[in-house]
Amino acid sequence: MATRQYWLVKSEPGTFSFDDLLASPNKTTSWDGVRNYAARNFMREMNKGDRVLFYHSSADPTAIVRIAEVVREAYPDPTALDPAHPHYDPKSKRESPTWDPVDIRAVEKLARRETLADVKRTKGLEKMALVRLGRLSVQPVTAKEFEIVQRLGGG
DNA sequence: GCCAACGTTGGC
DNA sequence: GCCAACGTTGGC
């Protein structure tokens, strides 16, 4: 079995919030619609059971709100192949799909969310990709960083 | 392959 | 709403 890895995904709560994830069947959703190669590559590296920090961007406040897990590894994004879908990508072909999301499921509530401001001032978190890379919507998190967020969140 | 123009993300 | 950072596109 592969070592568990840790990740962070961003979502605008106005578009898809963690509450929306909780309300989804089996508290599971496909992380489809991602159209960024770096983000896509990270999703391809994800394994079942990996833990995922769920971050609310463009929110007040912007914060890591909950923990989720990968329940299905990368598979072809059906929204990229559907001409009627807003995320349709004519360059993605059924034989060789360009985009492959994973499925994630809500697992753990953080009693306290960790705001971006908290992250920046917390020792051990200042170097998180969240701070360094800014816009990337799917990013790696180190085991240590994950542990700190989980502990601070009281989860 | 270079690079300017343009588009998007996302914090503030 | 502004704008920095960065990704993508397309002319050459």
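Residues numbered from 1 in each chain as written. Chains lettered and ligands numbered in written order. Predicted model: local features only at pLDDT ≥ 70, side-chain atom pairs only at ≥ 80, totals over all residues. Heavy atoms only, no water.

1. Observations concerning the layout of surface pockets
Where empty space is left becomes clear once a probe the size of a water molecule has been rolled over the atoms. Put simply, the test is: Here the term cavity refers to a set of points on a 1 Å grid, laid over the protein atoms alone, in which a 1.4 Å probe fits but cannot get out; the term pocket refers to an open set having protein on both sides within 12 Å along at least five of seven lines, with lining residues being those that place an atom within 4 Å of a point. Grid points are joined across faces, edges and corners, and a volume is the space filled by probe spheres set on the points. Lys, Arg, Asp and Glu make up the charged group, whereas Ala, Val, Leu, Ile, Met, Phe, Trp, Tyr, Cys and Pro make up the nonpolar group; the residues left over, Gly among them, are polar.
Roughly 360 Å³ of volume is contained in the largest pocket. Considering the residues around the largest pocket, the lining is formed by 13 residues, among which K10, S11, T15, W31 and D32 are closest to the centre. Among the residues forming the lining of the largest pocket, the class breakdown is three nonpolar, seven polar and three charged.

2. Topic: the nonpolar core
Here is the rule: We call a set of buried residues a nonpolar core when its members are Ala, Val, Leu, Ile, Met, Phe, Trp, Tyr or Cys and they connect through side-chain atoms within 4.5 Å of each other. For each residue, the accessible area found with a 1.4 Å probe, counting protein chains only, is set against the maximum for its type, and the residue is called buried under 20%, exposed over 50%, and partly exposed in between. A run of H or I in DSSP becomes a helix once it reaches four residues, and a run of E becomes a strand once it reaches two; helices and strands are each numbered from the N terminus. Every residue pair with non-hydrogen atoms within 4.5 Å of one another is taken to be in contact.
L21, W31, F54, I104 and V138 are the most contacted members of the largest nonpolar core, which has 22 residues in total. The set of elements that each furnish at least two residues to this core consists of β1 (6–11), α1 (18–23), α2 (37–45), β3 (51–56), β4 (63–72) and β5 (103–115). Here the element with the most residues in this core is β4; it accounts for four residues. Sequence-distant contacts of L21, defined by excluding residues within four places in its chain, comprise F16, K27, T28, T29, F54, A68, I104, R105 and A106. Counting 16 residues, the second-largest nonpolar core is a separate cluster that includes I67, L110, M128 and V149.

3. A short note on the side chain of D103
Tracing the chain through its elements places D103 in strand β5. Not counting chain neighbours up to four residues away, the residues in contact with D103 comprise T28, T29, S30, E69, V70, V71, R72 and Y75.

4. Quick look at the sheet that holds strand β6 (residues 138–141)
The condition is simple: Here, strands pair whenever DSSP counts at least two bridges between them. The angle between two axes is taken between their N-to-C directions and runs from 0 to 180 degrees, where each axis is a line fitted to C-alpha atoms and a helix contributes only its stretch in contact.
Spatially, β2-β5-β4-β3-β1-β6 is the arrangement adopted by the six strands of the open sheet, whose pairing is mixed. Two strands lie at the open edges of the sheet, namely β2 (28–30) and β6, each paired on one side alone. Each adjacent strand pair in this sheet contributes to an overall mean axis angle of 40 degrees, direction not counted. When β3 meets β4, the two strands line up antiparallel, connected through six bridges. Residue pairing in the sheet places F54 in a bridge with R66 of β4. Its contacts with the sheet put α2 on β1 and β6, and the angle it makes with β6 is roughly 50 degrees. Against the sheet, helix α6 (residues 143–153) engages β1, β3, β4, β5 and β6, with an angle of about 60 degrees to β5.

5. So, the protein's contact with DNA strand C
In plain terms, the rule: The near set for a molecule or strand comprises every residue that places at least one heavy atom within 4 Å of it. The term polar contact refers here to a pair of N or O atoms within 3.5 Å; inside protein, the definition further demands a hydrogen-donor-capable atom paired with an acceptor-capable atom, and it admits residues adjacent in sequence only when both atoms are side-chain atoms.
As a structural note, the neighbourhood of DNA strand C is formed by N36, Y37, K91 and R135. The sugar-phosphate backbone supplies 75% of the atoms of DNA strand C found within 4 Å of the protein. Measuring from a base oxygen of DNA strand C, one finds a side-chain N or O atom of R135 at 3.2 Å. When grouped by side-chain class, the residues that make up the surface near DNA strand C number one nonpolar, one polar and two charged.

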